[in-house]
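One-letter residues, chain by chain:
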Amino acid sequence: MRVGKLPVSLTEIEEKIFNLLLQVNSTYKLGCTLRVAGGWVRDRLLKDYSHDIDVALEGRTESGSVMTGAVFGSYIVKYQEDHGMETRHVGVIKINPEQSKHLETATTHIFGQEIDIVNLRCEEYAQSRIPVVRPGTPLEDAQRRDLTINALFYNLHTQEVEDFTTGLQDLESRYVRTPLAPQETFCDDPLRLLRCVRFACRFNCEIDQAIIEAARMPSIHEALRLKVSRERVGIEVRKMLSGEQAGRAMETFKLFGVQDCVFQSCRCDKKGNIISHEKVTFGDGEWAVGVHNVKELHNVYASVVPSDQLTENPSGVKPSVGATLAAMLIAKGDLPPVEQGALAAFLTNVTTNGLKYSKRIATITHAIIAAARELAGMWKLGKQVATEAEKDEDKPLRDPLMAAPKFDLTPIEKERGLTYEPEDELPVTQRSLLCDGMQLSRVQYNEEGTIVVLLFWKEALLLANLLVDGTCQAAMQLISHIEADPILSGVPTMEPAIRGDQLQKMLGVKGPAIRPALRHVQRMQYEFPSADVEMIVRYVQKTWHTSRAANDLGRPAKKVRKS
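Residues numbered from 1 in each chain as written. Predicted model: local features only at pLDDT ≥ 70, side-chain atom pairs only at ≥ 80, totals over all residues. Heavy atoms only, no water.

K.L.:
Which parts of the structure should I look at to understand the environment of His545?
P.N.:
Looking at the secondary structure, you find His545 in the loop between helix 24 (533-543) and helix 25 (548-552). Considered as a pair, His545 and Leu507 are 38 residues apart in the sequence and their alpha carbons are 8.2 Å apart. (Helix = DSSP H or I, 4+ residues; strand = E, 2+ residues; numbered from the N terminus.)

Written out as structure tokens, the structure is:
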């Protein structure tokens, strides 16, 4: 065993908690050795704060039985009562092999901090994925853990860090390895493979070659698919997607060959039980494009959010899980279209069913992908404009934003004047495509009676730029331009000048036709910002029945009613 010291002093609350635990142990002559295990030790060695305090017990009761977390927890409550302190109920997390809980864990609060308490243990696996659990030594407890850097103990009595594997050395050199042979560690609990990816990325560690070789084994992949619930996979993946090294995590999935195990399209019954699943496959080179998208999105994201948000969150602002998923999935060449709900159904199967995320994440991912596709059309149109400008150098653009592609976001109103009333449907312009995309990126939901609106137009613009050019530079300039424009910056929250029920009466549209009719209204608002409602109504009455959207519905447009 190698021992070491913490490089930082305990916080005041940590000292109070540890002293209380030692007082409980001595007051009632329990004779236990008390250690803090795992993540707290690792983080404090790295000089980070941690609220993840797991206490590992080594000892027996007077009757000779193993001192469990529940029994020790009852003495904590007794001590608090005897000393007039605030007491909290001791909860017990029961054994749950489906969630890899193979031993009861007691949980309570001391001085407002949640504490988990469990005895040292050894897990022995035979043919079953459910281990035989028995009381263990510190060495045996360390060896059953996923990684050496997570297998360290802090002895409350000696105030020393105890290393029964190579954790101290590996943490210092930023090296990820398993306490036992990787194949044995992963077979015991295949989720450890994903945890290996997460911690290697989180702490920027080199991965042991033996881990890479074991992680590539088909038997390990099969165990990950069959032995680990989708909830547990989703939890690990979510932590990676929201981390600073999300791109490297996706790269490592490919290195390990587990991307098909992670991303699956699952169909569920009404109770949420998975009834079928299939792999989410990426074509040649598409996974690398997705990784590039994720890295670029995370690299530039902090520079396009308001500075006050950065001030409130000094650790940095990161894209949401939905945005990172969108960056990865939009690289799929065969991603379903938005029309007829195909994209929404696919994302539900992958995120809500396959990773067990909330429906809100699926909705956010859908909004960003749909908006990015629309905005990519603006980029392509900008390239056409740039090409035409090169052919006719004497024909200046109205208000180009940048050189290549050339963006012309000037509203038609400015060119033609407010007195001009279009008799035909307005042309598709870069401005209308931009505004349509910004509107599509809006997510709205009801939270306890309050309408919450989330805007993801910046993420959508960045991904659109990546789709067309593989870079975010033009999008970052465009975002600055939009934020400085009082009209464009208000587009994501702009409401249609004519409500859906009014359009239904005016045009006779219903069902699927309502949304394109509303977009038809808003395009007039984008191009004629000063137009009043009467002018917009006249435009819609004149042009809807011959519009592209009406014809795309696949049925004859109804005659427009005159007001």
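K.L.:
What is the right way to look at the layout of surface pockets in this model?
P.N.:
Computed from the structure, the largest pocket encloses a volume of approximately 1600 Å³. Lining the largest pocket we find 44 residues, and of these Val338, Leu440, Arg515, Pro516 and Arg519 sit closest to its centre. Those elements that place two or more of their residues in the lining of the largest pocket are helix 16 (342-353), helix 17 (359-391), helix 19 (430-440), strand 15 (442-447), helix 23 (514-527) and helix 25. (1 Å grid on protein atoms, 1.4 Å probe; cavity = no way out; pocket = protein on both sides within 12 Å on 5 of 7 lines; lining within 4 Å. Points joined across faces, edges and corners; volume = space filled by probe spheres on them.)

K.L.:
Looking at this structure, how should I read the pattern of salt bridges?
P.N.:
Where charged atoms from two side chains of opposite charge approach closely, those side chains can pair. Using the criterion set out here, one finds 28 salt bridges in the structure. Of the charged contacts in the structure, one is a salt bridge between Arg44 and Glu14, with a shortest N-O distance of 3.4 Å. One end of the pair, Arg44, is in helix 2 (residues 39-45); the other, Glu14, is in helix 1 (residues 12-27), and 30 residues separate them in sequence. Judged by its relative accessible area of 2%, Arg44 is buried. Residue Glu14 is classed as buried on the basis of its relative accessible area of 3%. Across the pair Arg145 and Asp141 runs a salt bridge whose closest N-O atoms are separated by 2.9 Å. The buried category is assigned to Asp141, whose relative accessible area is 1%. (Salt bridge = Lys/Arg side-chain N within 4 Å of Asp/Glu carboxyl O. Buried < 20%, exposed > 50% of the residue type's maximum accessible area, 1.4 Å probe, protein only.)

K.L.:
Which parts of the structure should I look at to understand the environment of Val533?
P.N.:
As for its placement among the helices and strands, Val533 is situated in helix 24. For Val533, a relative accessible area of 42% puts it in the partly exposed group. For the pair Val533 and Pro496, spaced 37 residues apart in the sequence, the C-alpha separation amounts to 9.9 Å.

K.L.:
Any chance you could explain the packing of aromatic side chains here in plain terms?
P.N.:
Note on aromatic pairs: each is described by the distance of the centres and the angle between the planes. On inspection of all chains with the given rule, the structure shows nine aromatic pairs. With a centroid separation of 6.0 Å and an interplanar angle of 75 degrees, the aromatic rings of Phe153 and Phe164 are classed as edge-to-face. In this pair, Phe153 is assigned in strand 9 (residues 152-155) and Phe164 in the loop between strand 10 (160-163) and helix 5 (167-173), connecting sequence segments 11 residues apart. We classify Phe164 as partly exposed; its relative accessible area is 21%. Through a chain of ring-to-ring contacts, three or more aromatic side chains come together here, namely Phe18, Trp40 and Tyr154. Its end group placed over the ring of Phe111, Lys16 keeps NZ or CZ at 4.5 Å from the ring centre. It is Arg360 that lies over the ring of Tyr445; its NZ or CZ is 3.7 Å from the centre. (Phe/Tyr/Trp six-rings, centres within 6.5 Å; stacked < 30°, edge-to-face > 60°. Lys NZ or Arg CZ within 6 Å of the ring centre and 35° of its normal.)

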